[in-house]
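# Tertiary structure, described
The chain contents come next:
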Protein chains: 2
Amino acid sequence: MRRDIFQAIADPTRRAIIALIAFQAMTPNAIAENFHTTRQAISKHLRILTECELVTQEYQGREIYYSLQVEKMKEIDTWISQYRTLWQKRFNQLDKVLLTMKNQKNEK
Amino acid sequence: MRRDIFQAIADPTRRAIIALIAFQAMTPNAIAENFHTTRQAISKHLRILTECELVTQEYQGREIYYSLQVEKMKEIDTWISQYRTLWQKRFNQLDKVLLTMKNQKNEK
DNA sequence: TATATTTGCAACCGAATGGTTTCTTAATTA
DNA sequence: TAATTAAGAAACCATTCGGTTGCAAATATA
């Protein structure tokens, strides 16, 4: 069962979990309280997130605290950054067009 | 059939298609040549990408040129940027730790 | 006009997905 | 010690997914 980070963030519930534990570690029960699903379903999501190393576990007695591995999110950022230059370039081209139009106006 | 941009980029083949048409528009046939699947499979992927407005079609005779809608990619960038500040903050904290260690060393 | 090419669509198939219920294990707590 | 609580694992189920084959429509070409 290969886990991909892009597949992990594809599910809206998992993205919500990520947002939830981004600032403080939480137990599966505490996380599940925020959703209209069973704790077991959340547990499954957490397993997927753990498998692709997006979250880490910290055992504390019988409780397990899950926290976001922010560093792992960089992988998505790296991927999207390929295209960032593209839309910035497009923006610059638009900018140039506007500038040209402005100059043409001034020349009249 | 609701289409989500995060679900769209979850599939590796679709990410490859995105990379392929990022710089020049291409027809389904031309795109399919780069993969070990049938043209119909690629067509399905293109449909999904079109439905979530990640790609646009341009009809030219009987051919259809698909091109990436780079602007749409910003949505992912916006999402990831929430967490960018988090890992930058973490980096700064590490920076601070290193600085403190350096200072302690100097004080000895 | 007849044939070839490009494409999308529908039907089908096996595998994966997200969810549930039930059960077990381990740690608390009364 | 007995009961409770937190959590994961397994079995199951309906739905979706990614792929295939086969077909129809539209355009281009002989």
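Report on the accompanying structure. (Residues numbered from 1 in each chain as written. Chains lettered and ligands numbered in written order. Predicted model: local features only at pLDDT ≥ 70, side-chain atom pairs only at ≥ 80, totals over all residues. Heavy atoms only, no water.)

## Here we look at the protein's contact with DNA strand D
Near DNA strand D there are 25 residues, and of these S43 and Y66 of chain A together with Q7, K44 and H45 of chain B occur at the shortest range. In DNA strand D, atoms within 4 Å of the protein come from the sugar-phosphate backbone in 65% of cases. A distance of 3.4 Å separates a phosphate oxygen of DNA strand D from a polar atom in the backbone of I64 of chain A. R14 of chain B has a polar side-chain atom sitting 3.1 Å from a phosphate oxygen of DNA strand D. Among the secondary structure elements, those contributing two or more residues to the surface near DNA strand D are α3 (28–32), α4 (39–51) and β2 (63–68) of chain A together with α2 (12–21) and α4 (39–51) of chain B. When its residues are assigned to classes, the surface near DNA strand D shows 4 nonpolar, 12 polar and 9 charged. (Near = heavy atom within 4 Å. Polar contact = N/O pair within 3.5 Å; in protein donor to acceptor, adjacent residues only side chain to side chain. Helix = DSSP H or I, 4+ residues; strand = E, 2+ residues; numbered from the N terminus. Nonpolar A, V, L, I, M, F, W, Y, C, P; charged D, E, K, R; others polar.)

## A closer look at the protein's contact with DNA strand C
For DNA strand C, the set of nearby residues contains 25 residues, the closest of which are Q7, K44, H45 and G61 of chain A together with Y66 of chain B. Restricting the count to atoms of DNA strand C within 4 Å of the protein gives a sugar and phosphate share of 61%. Contact between DNA strand C and Q7 of chain A: a phosphate oxygen at 2.3 Å from a side-chain N or O atom of the residue. Counting only elements with at least two residues in the surface near DNA strand C, the list comes to α2 (12–21) and α4 of chain A together with α3 (28–32), α4 and β2 (63–68) of chain B. Tallied by class, the residues present in the surface near DNA strand C amount to 4 nonpolar, 12 polar and 9 charged.

## Some remarks on the pattern of salt bridges
Counted by the stated rule, this structure contains 16 salt bridges over all chains. The salt bridge partner of E71 of chain B is K74 of chain B, with a shortest N-O separation of 3.5 Å. Of this pair, E71 of chain B and K74 of chain B both sit in helix α5 (residues 70–107), 3 residues apart, roughly one helical turn. We classify E71 of chain B as partly exposed; its relative accessible area is 38%. Take K74 of chain B: its relative accessible area is 33%, and that puts it in the partly exposed class. Beyond isolated ion pairs, a larger network of salt bridges with shared partners links D77 and R84 of chain A together with D77 and R84 of chain B. (Salt bridge = Lys/Arg side-chain N within 4 Å of Asp/Glu carboxyl O. Buried < 20%, exposed > 50% of the residue type's maximum accessible area, 1.4 Å probe, protein only.)

## Looking at the pairing of strand β1 (residues 55–60) of chain A
Residues and elements named next belong to chain A. Looking at chain direction, β1 and β2 are connected through 6 bridges and run antiparallel. Following the sheet pairing, Q57 is matched in β2 by Y66. What sits between β1 and β2 in their antiparallel hairpin is a turn of 2 residues, with G61 showing a positive phi close to 65°. (Pairing = 2+ DSSP bridges.)

## Topic: the interface of chain B and chain A
Listed per partner, the contact involves 24 residues of chain B and 24 residues of chain A. Counting the surface lost from both chain B and chain A, the interface buries some 2400 Å², and carbon and sulfur atoms represent 73% of this. Interface area lost by chain B to chain A is led by V70, Y83 and W87 of chain B, which between them contribute 24%. Here chain B and chain A share 4 salt bridges between them. Put simply, R84 of chain A and D77 of chain B hold a salt bridge, and the shortest N to O gap is 2.8 Å. Joining chain B to chain A, the criterion identifies 4 residue pairs in polar contact (both at pLDDT 80 or more). Going through the elements one at a time, α1 (5–8), α2 and α5 of chain B are the ones with two or more residues in the side of chain B that touches chain A. Taken together, the residues that form the side of chain B that touches chain A break down as 16 nonpolar, 1 polar and 7 charged. (Contact = heavy atoms within 4.5 Å. Buried area = accessible area lost by both parts, 1.4 Å probe.)

Interpretation note: all reported values are geometric properties and have no functional meaning in isolation.
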